[in-house]
Amino acid sequence: MSHHADSPSVVEHAKARIINDAPHYRSVPVALRYEPGGDADAVRCVFPGGTEWAFRRELLEAGLRAPARRGPVAVWPCGRAQVVVEFHSPDGVSVIQFDARPLVRFLHRTREEAVAPATRV
């Protein structure tokens, strides 16, 4: 069996712009993942090539409204319709800009899954 029926994952696909020194920002597809059967408070951003960042769901929620930081990850609103996520690692800092809409949709779906009645067996 490849997956557990009792812990459906929530996946939302979003476009992200990698902000760096290049004259034109590169846009990449990112999969936002939430596994209620695993760490129910964690969300993951999976980038092309397999790079993955995990952080708290509350951090993403808070960062949609006001600058928020926890450990190596900072999230803040950018204008009316965008959100910036900044990851600090030993290799340096990665800054990614998302449209807020898919993030809001993703968080809404994770909340629904987190409070879903335990009807699965």
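Residues numbered from 1 in each chain as written. Predicted model: local features only at pLDDT ≥ 70, side-chain atom pairs only at ≥ 80, totals over all residues. Heavy atoms only, no water.

Comments concerning the pattern of salt bridges
Note on pairing: side chains with opposite charge can pair once their charged atoms come close. Rule in force here: Only one rule defines a salt bridge in this text: a Lys or Arg side-chain nitrogen within 4 Å of an Asp or Glu carboxyl oxygen. A run of DSSP states H or I qualifies as a helix once it reaches four residues; a run of E qualifies as a strand once it reaches two. Both are numbered from the N-terminal end. Summary of the burial criterion: residues with accessible area below 20% of their type's maximum are buried, those above 50% are exposed, and those between are partly exposed, where the area comes from a 1.4 Å probe applied to protein chains only.
All told, the structure shown has nine salt bridges when counted by the stated rule. Across the salt bridge formed by R111 and E61, the nearest N and O atoms sit 2.4 Å from each other. Remark: E61 occurs in helix α1 (residues 57-63) and R111 occurs in helix α2 (residues 100-114); sequence separation between them is 50 residues. Look at R111 and you get partly exposed, because its relative accessible area is 40%. Overlapping salt bridges bring together R33, E35, R44 and E52 as one network.

Looking at the packing of aromatic side chains
Note the threshold: Pairing of aromatic rings covers Phe, Tyr and Trp, the last counted by its six-membered ring, and requires centre-to-centre distances within 6.5 Å; plane angles under 30 degrees mean stacked, over 60 mean edge-to-face, and any other angle means tilted.
Scanning the entire structure with this criterion turns up three aromatic pairs. Aromatic pair F55 and F87: ring centres 6.0 Å apart, planes at 50°, arrangement tilted. In this pair, F55 is assigned in strand β4 (residues 52-56) and F87 in strand β7 (residues 82-89), connecting sequence segments 32 residues apart.

A few points about the environment of V10
The condition that has to hold: Any pair of residues with heavy atoms lying within 4.5 Å of one another is described as a contacting pair.
Within the secondary structure, V10 is located in strand β1 (residues 10-19). When the C-alpha atoms of V10 and V43 are compared, they prove to be 9.5 Å apart, with 33 residues separating the residues in sequence. If near-sequence neighbours (up to four positions away) are discounted, V10 is found in contact with L32, R33, Y34, F106, R109, T110 and E113.

A short note on the sheet that holds β7
Note the cut-off: Any two strands with at least two DSSP-identified bridges between them are counted as paired. Helix axes use the C-alpha atoms of the stretch in contact, all axes being lines fitted to C-alpha atoms, and the angles between their N-to-C directions lie in the range 0 to 180 degrees.
Ordered by their spatial adjacency, eight strands build an open sheet running β4-β3-β2-β1-β8-β7-β6-β5, and the pairing between neighbours is antiparallel. Only two strands of the sheet have a single neighbouring strand rather than two, namely β4 and β5 (68-70). The sheet shows a mean angle of 30° between the axes of neighbouring strands, direction not considered. Note: β1 against strand β8 (residues 92-99), four bridges, orientation antiparallel. Its bridge partner lying in β8, I18 is registered against I96. Strand contacts of α2: β1, β2 (26-34), β3 (42-46), β7 and β8, with the helix running at about 150° to β1, the strand carrying the most contacts.

Overview of the pairing of β3
Relative to β3, β2 runs antiparallel, the two being bridged by four bridges. Counterpart to R33 in the pairing with β3 is R44. When β3 meets β4, the two strands line up antiparallel, connected through five bridges. Bridge assignment links V46 to a residue of β4, and that residue is E52.

Examining α2
Because an α-helix packs 3.6 residues into every turn, residues spaced three or four apart end up facing the same way. Applicable threshold: Take the number of residues in a helix, subtract one, and multiply by 1.5 Å to get its expected span. To be clear, the arc concerns the directions from the helix axis to the C-beta atoms.
For α2, spanning 15 residues, the distance from its first C-alpha to its last is 21 Å, which sits close to the expected 21 Å at 1.5 Å a residue. Within the sequence span of α2, burial applies to A100, P102, L103, F106, L107, T110 and E113. The buried residues of α2 occupy one face: seen down the axis, they fall within an arc of 165°. Residues of α2 that are buried sit in contact with β1, β2, β3, α1, β7 and β8.

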